[in-house]
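Remarks on the overall topology
Each chain is listed here by its residues.
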Amino acid sequence: MEFLTFSPENHCFSELLDGSDGDEEEILVCGEDLELNPFDGLPYSSRYYRLMKEREELPIWKEKCTFMESLLHNQIVIVSGDAKTGKSSQVPQWCAEHCLAVRPRRAVVCTQLLRQAALGLALRVADQMDVNLGHEVGYSVPFESCCTAETILRYCTDEMLQREMMSTPLLNHYGVIVLDDVHERTVATDALLGLLKDVLRARAELRLVILTAPHMSSTLQDFCGSTLQDFCGSTPVIRVQSRHRAEVVYSCSIHRDPFLSALRLLFEIHHTKEKGDIVIFLACEQEIATAYQMIRQEQSNLNPDLGELIPIPLYPTKQDLTPKPTQDKQKCCKKYRRKVLLTTSFGESLIWTKNVTFVIDVGVERRKVYNPRIRADSVLTQPISQSQAEMHKQILGMSPSGKIFCLYPEEFTYKEMKPQVPAKVQESNLTSMVLFLKRMDIAGFAHCDFISSPAPESLMQALEDLDYLAALDNDGNLSEFGIIMSEFPLDPQLSKALLASCEFECVDEMLTIAAMVTAPSCFLHAPPGTEEIALTCWRRFSHPAGDHFTLINVFNAFKAATANPTDPDFSNEKWCRDYFLSCSALSMAEMIRAELVEIMKRIELPISEPDFGSEENLLSIKKALLSGYFMHMARDVDGSGNYLMLTHKQVAQLHPFSSYYNTRRIPEWVLFHEFSISEGNSIRVISEISPHLFAELVPQYYFSNLPPSESKDILQEVINHLAPVSATKEEQKTDNNSKENEEFPQTPTEQRCVIQ
């Protein structure tokens with residue numbers, strides 16, 4: 001089986017996804033007077049008119065006049081439309097036209113849930129508007145921006161708009177804000193929706209457009225009108241329906257293995273020779289990768305006369321792991337090509353191809369649900385919601401002969417499926433959100449009105465964790481340290497570790513660690529039969545101190561190989577392929593690290609020189625990690641790799657990608673980056689930590705709140721042993737300081753900056 005390689009390019013499948021064969025004739029526009037594009041002042045190209053004909057065929061187009069009139073007279077407009085009706089691409093363009101007609105001229109921003117969706121939409125919309133990407137139309141996603149001060153339409157992720165609100169709370173640069181896919185109920189979108197109600201009160205000229213699925217329209221209309229009716233009046237709702245209804249085929253019974261059933265059905269459809277691309281909604285991203293490999297492997301056994309199956313994995317969260325197509329374009333164009341889009345229910349916004357005729361829906365999903373008591377995600381396999389099932393059918397709204405195969409009985413929809421997707425604020429870790437809201441509180445936004453109340457236990461846990469991290473003061477407000485933490489687009493614990501590295505003079509190394517754990521995993525799942533080869537390759541980077549240090553070795557080796565290639569035919573992709581590493585993940589880590597360096601410089605934090613490898617440096621890195629991740633400690637209770645969490649009684653094993661996995665040396669005490677409750681409970685990215693170091697750095701009020709356990713008793717003995725020594729050192733330090741002050745009195749103006 002061919003090994004899966006990854007490309008750092010975000011749009012390597014754009015040609016495949018646009019549904020075009022590349023042989024359409026351009027439409028020439030003749031006439032004495034050329035129509036000028038109002039956005040850049042240049043004449044429209046012939047391509048603009050061809051794309052305009054396609055745009056006018058979209059179901060949303062007939063609502064343009066109604067929308068423009070509603071936008072002119074209302075602060076909030078809700079567009080409730082079926083999937084694939086053109087909402088995400090056309091409505092923001094109309095908003096840009098609205099902003100051209102008003103003074104002062106302001107920009108339009110449209111939020112997306114996924115990085116890939118923002119990139120793809122910006123590319124498509126720039127093409128439709130006949131302007132340059134990065135000028136009139138741009139995008140802003142985590143760790144990457146392609147826009148200027150003159151950009152009039154910008155696509156961004158909802159987290160990026162949150163970060164912009166921290167520096168510009170009223171978002172004065174924008175005349176229209178478009179929130180897309182509000183029905184997905186992400187934490188960031190719900191928080192934005194609540195805060196924007198206050199922004200609308202302060203800015204009467206601002207317009208908010210909400211794009212959602214039909215099942216959420218009445219809820220959003222009530223939510224927007226509950227506190228804004230005095231300012232905005234009733235909120236108009238514009239309904240957009242698909243042009244066609246798909247034929248639905250239900251199974252007679254529940255499938256024991258929906259995944260394999262979906263793949264069998266895929267090959268059955270392909271053998272019928274019926275034309276059309278296929279979308280398969282799978283339960284999780286792991287199944288996407290497995291299906292991709294199985295389809296690629298099976299291709300050699302297919303009848304060539306049937307045409308070629310081209311699997312295209314669309315990962316909603318692993319946002320840069322897009323496989324690079326290896327087939328020859330010349331060869332492929334001579335025969336029929338059927339694209340097979342593999343995604344999950346959360347990846348519906350990534351599907352843009354126009355030629356989908358078949359949809360296969362497994363009817364289940366694996367959702368991460370956060371448990372605040374153990375500070376970990378549980379992975380639950382459960383039926384999708386009724387609203388998700390309906391949206392899967394709407395994928396075929398542009399196809400007159402579309403057919404969806406539901407791998408579950410029709411009664412399963414009403415008996416087992418919930419009506420709607422649960423709000424993420426009720427099942428997610430809220431620490432980052434609370435840090436953001438505390439930052440907004442400083443700007444005068446003391447209250448955020450949520451559609452659904454966040455889980456109380458998760459809110460309490462988030463406040464408790466921020467208090468442990470010294471992000472809050474005694475009054476519960478954001479401390480100066482917390483303000484600095486909020487500047488970084490990182491998990492609060494990782495932000496704290498990075499800031500602590502300034503004190504321990506290991507900033508260069510912590511920047512690398514922060515980038516590597518934020519980017520997707522750099523280790524690829526080895527194809528069957530190559531596992532031992534992959535392990536041998538990875539051992540080259542292994543560091544005895546643990547996985548955090550191994551990640552530094554991997555990153556440094558990647559940078560060194562790129563900077564000083566020894567082979568004239570060298571390429572980043574080939575080097576990564578040889579070592580079973582993800583080139584896109586390492587390239588993303590480079591981008592993340594560069595942005596973190598820029599933030600450090602902007603807020604004038606010191607960046608120490610690299611000193612990786614010395615004993616003093618290794619100890620400093622461990623101290624910095626402990627400053628942020630003291631809540632992520634575990635102890636091997638039986639010497640065989642069964643780690644008991646310090647904060648609760650859950651037991652976990654080492655992740656297979658750990659450098660300690662399958663080795664004789666298993667450390668007793670470890671610090672881990674992530675713990676997830678799944679089929680095989682595992683802790684990821686771990687490093688050995690001595691109990692003495694933990695006892696030295698752990699906040700005492702956190703340690704005193706830990707539940708009773710054998711591990712806590714051991715640590716208490718260590719703390720008791722260290723206490724007399726610390727007291728003696730403190731007395732000696734006090735005496736020395738007294739003598740120094742007598743000889744060299746300090747001036748009252750002398751100040752020291754200490755990160756605690």
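The paragraphs below set out a description of the structure included in this document. Not measured: the values here are computed from a predicted model. Within every chain, residues take consecutive numbers counted from 1 along the sequence as written. Local features in this predicted model are restricted to residues whose pLDDT is 70 or higher, and side-chain atom pairs enter the listing and the counts only when it is 80 or higher, whereas totals over whole chains, interfaces and linings include all residues. Where side-chain values are given, they derive from all heavy atoms of the structure, hydrogens and water being excluded.

At a minimum axis distance of 7 Å, the contact between helix H17 (residues 492–504) and helix H23 (residues 615–629) shows a crossing angle of 145 degrees. Where H17 crosses over H23, the two elements pack in a sense that is right-handed. In this structure, H17 uses Gln493, Leu494, Lys496, Ala497, Ala500, Ser501 and Phe504 to contact H23, whose residues at the interface are Ser620, Lys623, Ala624, Leu625, Ser627, Gly628 and Tyr629. Each residue gets one label: Ala, Val, Leu, Ile, Met, Phe, Trp, Tyr, Cys and Pro are nonpolar, Asp, Glu, Lys and Arg are charged, and the others, such as Gly, are polar. The residue inventory of the contact of H17 with H23, partitioned by class, reads 7 nonpolar, 5 polar and 2 charged. Angles run from 0 to 180 degrees between N-to-C directions of axes, and those axes are lines fitted to C-alpha atoms, restricted for helices to the stretch in contact. Strands are runs of DSSP state E lasting at least two residues, helices are runs of H or I lasting at least four, and both sets are numbered from the N terminus onward. Here a crossing is called left-handed whenever its near helix is offset anticlockwise from the far helix by less than a right angle, and right-handed whenever the offset is clockwise. The contact criterion used throughout is that any non-hydrogen atoms of two residues lie within 4.5 Å.

Neighbouring strands of a sheet are bound in pairs by backbone hydrogen bonds; such pairs are parallel or else antiparallel. Any two strands with at least two DSSP-identified bridges between them are counted as paired. Ordered by their spatial adjacency, 6 strands build an open sheet running S10-S18-S15-S11-S14-S12, and the pairing between neighbours is parallel. The strands lining the two open edges of the sheet, one partner per strand, are strand S10 (247–250) and strand S12 (308–313). Taking each pair of neighbouring strands and ignoring which way they run, the sheet shows an average axis angle of 20 degrees. Alignment of S12 against strand S14 (residues 337–344), held across 6 bridges, turns out to be parallel. In the sheet register, Ile310 faces S14, and the bridge partner there is Lys339. This element, helix H12 (residues 386–394), spans S10, strand S11 (277–282), strand S15 (356–361) and strand S18 (403–406) of the sheet and lies at about 155 degrees to S15.

Attention now moves to the sheet that holds strand S2 (residues 76–81). What the 8 strands build is an open sheet, ordered S5-S4-S6-S3-S7-S8-S2-S9; its pairing is mixed. For this open sheet the edge positions go to strand S5 (144–146) and strand S9 (237–240), each flanked by a neighbour on one side alone. Within this sheet the neighbouring strands show an average axis-to-axis angle of 15 degrees, counted without direction.

A pair of aromatic rings is counted whenever rings of Phe, Tyr or Trp (Trp by its six-membered ring) have centres within 6.5 Å, and the orientation is called stacked for planes under 30 degrees apart, edge-to-face for over 60 and tilted otherwise. Counting across every chain of the model gives 19 aromatic pairs. Between Phe558 and Trp575, the ring centres sit 6.0 Å apart and the planes meet at 55 degrees, which makes this aromatic pair tilted. Here Phe558, found in helix H20 (residues 547–563), pairs with Trp575, found in helix H21 (residues 572–578); they are 17 residues apart in sequence, far enough to count as distant. Only protein chains enter the accessibility calculation, which uses a 1.4 Å probe; a residue is then buried when its area is under 20% of its type maximum, exposed when over 50%, and partly exposed in between. Residue Phe558 is classed as buried on the basis of its relative accessible area of 1%. Feature note: the residues Tyr468, Phe630, Tyr701 and Tyr702 constitute an aromatic cluster, connected by ring pairs. The rule is short: NZ of Lys or CZ of Arg within 6 Å of the ring centre and within 35 degrees of the ring normal puts a charge over the ring. A cation over an aromatic ring shows up here: Lys275 above the ring of Tyr336, its NZ or CZ 5.0 Å from the ring centre.

A few words on the pattern of salt bridges. Salt bridges are identified by distance alone: a Lys or Arg side-chain nitrogen within 4 Å of an Asp or Glu carboxyl oxygen. Under the defined criterion, the tally for this structure stands at 29 salt bridges. Two residues, Arg50 and Glu54, come together in a salt bridge whose shortest N-O distance is 3.6 Å. In this pair, Arg50 and Glu54 both sit in helix H2 (residues 46–56), 4 residues apart, roughly one turn of the helix. With a relative accessible area of 15%, Arg50 lands in the buried category. For Glu54, a relative accessible area of 33% corresponds to the partly exposed category. Several salt bridges converge on common partners, so that one network encompasses Arg106, Arg203 and Glu205.

Checked against the element boundaries, Phe259 lands in helix H9 (residues 258–271). Separated by 102 residues in sequence, Phe259 and Asp361 place their C-alpha atoms 9.7 Å apart. Dropping the residues within four chain positions of it, Phe259 is found in contact with Leu282, Glu287, Thr290, Ala291 and Met294.

Positionally, His543 belongs in the loop between helix H19 (531–539) and H20. Two N or O atoms count as a polar contact when they lie within 3.5 Å, although within protein this holds only if one can serve as hydrogen donor and the other as acceptor, and sequence-adjacent residues are included solely when both atoms are side-chain atoms. Looking at His543, its side chain comes within polar contact range of the main-chain nitrogen of Ala545, at 3.0 Å. Setting aside anything within four residues of it in sequence, one finds His543 in contact with Phe549, Thr550, Asn553, Phe612, Leu618 and Ser659.

This part takes up the nonpolar core. Among the nonpolar cores identified, the biggest contains 125 residues, and Ile177, Trp575, Leu581 and Phe694 are the most heavily contacted of them. Per-element tally for this core: the top contributor is helix H22 (residues 583–602), with 9 residues. Beyond its immediate chain neighbours, meaning those up to four positions away, Phe694 contacts Leu626, Phe630, Met633, Leu646, Ile689, Tyr702, Phe703 and Leu715. Here, nonpolar core means buried Ala, Val, Leu, Ile, Met, Phe, Trp, Tyr and Cys residues that are tied together by side-chain atoms lying within 4.5 Å of each other.

Geometry only, nothing functional implied.
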